[in-house]
Amino acid sequence: MTDLSRDSYNIAPRRRIFRCFGAAALGLAGLASKPLYAQTSAARGDGPNWPGTLQAHQRQVVDAYAVNAGFPLGFAYTFLVPNESAAAVVVLRHEAFPIALTSAMWEKYRIGASMKIIDPESKAPATKNPFLRPKPGVLLVDDMALDRLLERGVVFGACNIALMVQSKMLAENAGVSAEEAAKEWAANVVPGITIIPSGTWGVNRAQEAGCTYCAGG
């Protein structure tokens, strides 16, 4: 790991401990004999209708406010493994927002280098979304990939405030205006992810829909 900020340095030991524990937990989860199917039955809607009606009895929202090596996606996965009829909601906000973007945006705006996000495959600053359609074996468990969770019905919301702030910050990397960057980012959110007014709004809405809370870190 390189160029860690002071805040990142302070929490690094905790993350190293968690990584060891988390790897074991995810590895065990991967031994589940049945495929993972999240029965969300969510009538997904934009704006005030998000996250829709969650029919499952067990429901949890993962508050992803940092990329955290993709562990917010892992938390959604491990919640669903023992609860195949459960519903999982993931809110991508603050520093975790780039998970919602296509690889083209990661490359064009140099998101990995600018936000110090390491690709687990290359071990270097990510030039693509490392959690979207990764090669087999790159992530701790293949089924925690963003595209696989979407296929299984996990409901994703991406914070519009984070989109506006971060696209403005990185617009210069692509040689475009802040307005152009914001429009391009909004047009290149991964299909299946809903842009919501704000991440904190989304966490509240998910809890109002009956979800318990999980900090994504």
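Up top you'll find the structure we're talking about.
The present account deals with the structure reproduced in this document. Values in this document were obtained by computation on a predicted structure and should not be read as measured data.

About the cut-offs
- Throughout, residues of each chain are indexed from 1 in the direction in which the sequence is written.
- Thresholds applied to this predicted model are a pLDDT of at least 70 for local features of residues and 80 or more for the giving and counting of side-chain atom pairs; totals over whole chains, interfaces and linings are not thresholded and use all residues.
- Hydrogens and waters are ignored; side-chain quantities use all the structure's heavy atoms.
- The secondary structure listing takes helices from DSSP runs of H or I that are at least 4 residues long and strands from runs of E that are at least 2 residues long, numbered from the N terminus.
- Per-residue accessibility, obtained with a 1.4 Å probe over protein chains only, is compared with the maximum for each type, and a residue is labelled buried under 20%, exposed over 50%, and partly exposed between these values.
- Only four residue types enter the tally: Lys and Arg on the positive side, Asp and Glu on the negative side, with His and both chain ends excluded.
- The rule for a salt bridge is simple: a side-chain nitrogen of Lys or Arg has to be within 4 Å of a carboxyl oxygen of Asp or Glu.
- Any two residues having at least one pair of non-hydrogen atoms within 4.5 Å are treated as being in contact.
- In protein, a polar contact means a hydrogen-donor-capable atom and an acceptor-capable atom, both N or O and within 3.5 Å, with residues adjacent in sequence counting only if both atoms are side-chain atoms; elsewhere, any N or O pair within 3.5 Å suffices.
- Strands were regarded as paired on the criterion that DSSP finds at least two bridges between them.
- Every angle, taken between N-to-C directions, lies between 0 and 180 degrees, and every axis is a line fitted to C-alpha atoms, over only the stretch in contact when it is a helix.
- Think of it as the arc spanned by the lines of direction from the helix axis to the C-beta atoms.
- By the definition adopted for this analysis, an angle is roughly parallel if under 35 degrees, roughly antiparallel if over 145, roughly perpendicular if from 65 to 115, and oblique otherwise.
- A clockwise turn of the near helix away from the far one marks a right-handed crossing, whereas an anticlockwise turn of less than a right angle marks a left-handed crossing.

**Some thoughts on the side chain of aspartate 147**
Note on placement: aspartate 147 falls in helix α5 (residues 146-151). Arginine 148 is the oppositely charged side chain nearest to the buried, salt-bridge-free aspartate 147, at an N-O distance of 4.8 Å. When residues no more than four places from it in sequence are discounted, the contact partners of aspartate 147 are Phe131, Leu132, Arg133 and Pro134.

**A word on the side chain of arginine 152**
Relative to the helices and strands, arginine 152 is located in the loop between α5 and β3 (155-159). Within the structure, the side chain of arginine 152 is placed 3.5 Å from the side chain of aspartate 143, a separation counted as a polar contact.

**Details of the sheet that holds β3**
Each strand in a sheet pairs with another by means of backbone hydrogen bonds, the pair being arranged parallel or else antiparallel. In spatial order, the strands read β4-β3-β2-β1-β5; together these five strands make up an open sheet with parallel pairing. Looking along the sheet, the strands with just one partner apiece sit at the ends: β4 (193-196) and β5 (212-215). Here the strands of the sheet are splayed against their neighbours by 25 degrees on average, with no regard to which way each runs. Bridging between strand β1 (residues 59-64) and strand β2 (residues 87-92) involves six bridges; their strand directions are parallel. Each bridged residue has a counterpart across the sheet, and for aspartate 63 the counterpart in β2 is valine 91.

**Brief notes about helix α7 (residues 178-187)**
Since there are 3.6 residues in each turn of an α-helix, residues three or four apart along the chain are aligned in direction. Those residues of α7 not exposed but buried are Ala181, Ala182 and Trp185. Taken down its axis, α7 places every buried residue within 100 degrees of arc, on the same side. Exposed side chains of α7 directed beyond 90 degrees from the buried face belong to Glu179, Lys183 and Ala187. Summarising the contacts, the buried residues of α7 are in contact with α3 (103-108), α4 (111-115) and α6 (160-174).

**Section: the packing of α6 against α7**
In the contact formed by α6 and α7, the axes pass within 8 Å of each other and the chain directions differ by 125 degrees. Classed by the angle they form, the pair α6 and α7 counts as oblique. The way α6 lies across α7 gives a crossing that is right-handed. Residue-level contacts link Leu163, Met164, Gln166, Ser167, Lys168, Leu170 and Ala171 of α6 to Ala178, Ala181, Ala182, Trp185 and Ala186 of α7.

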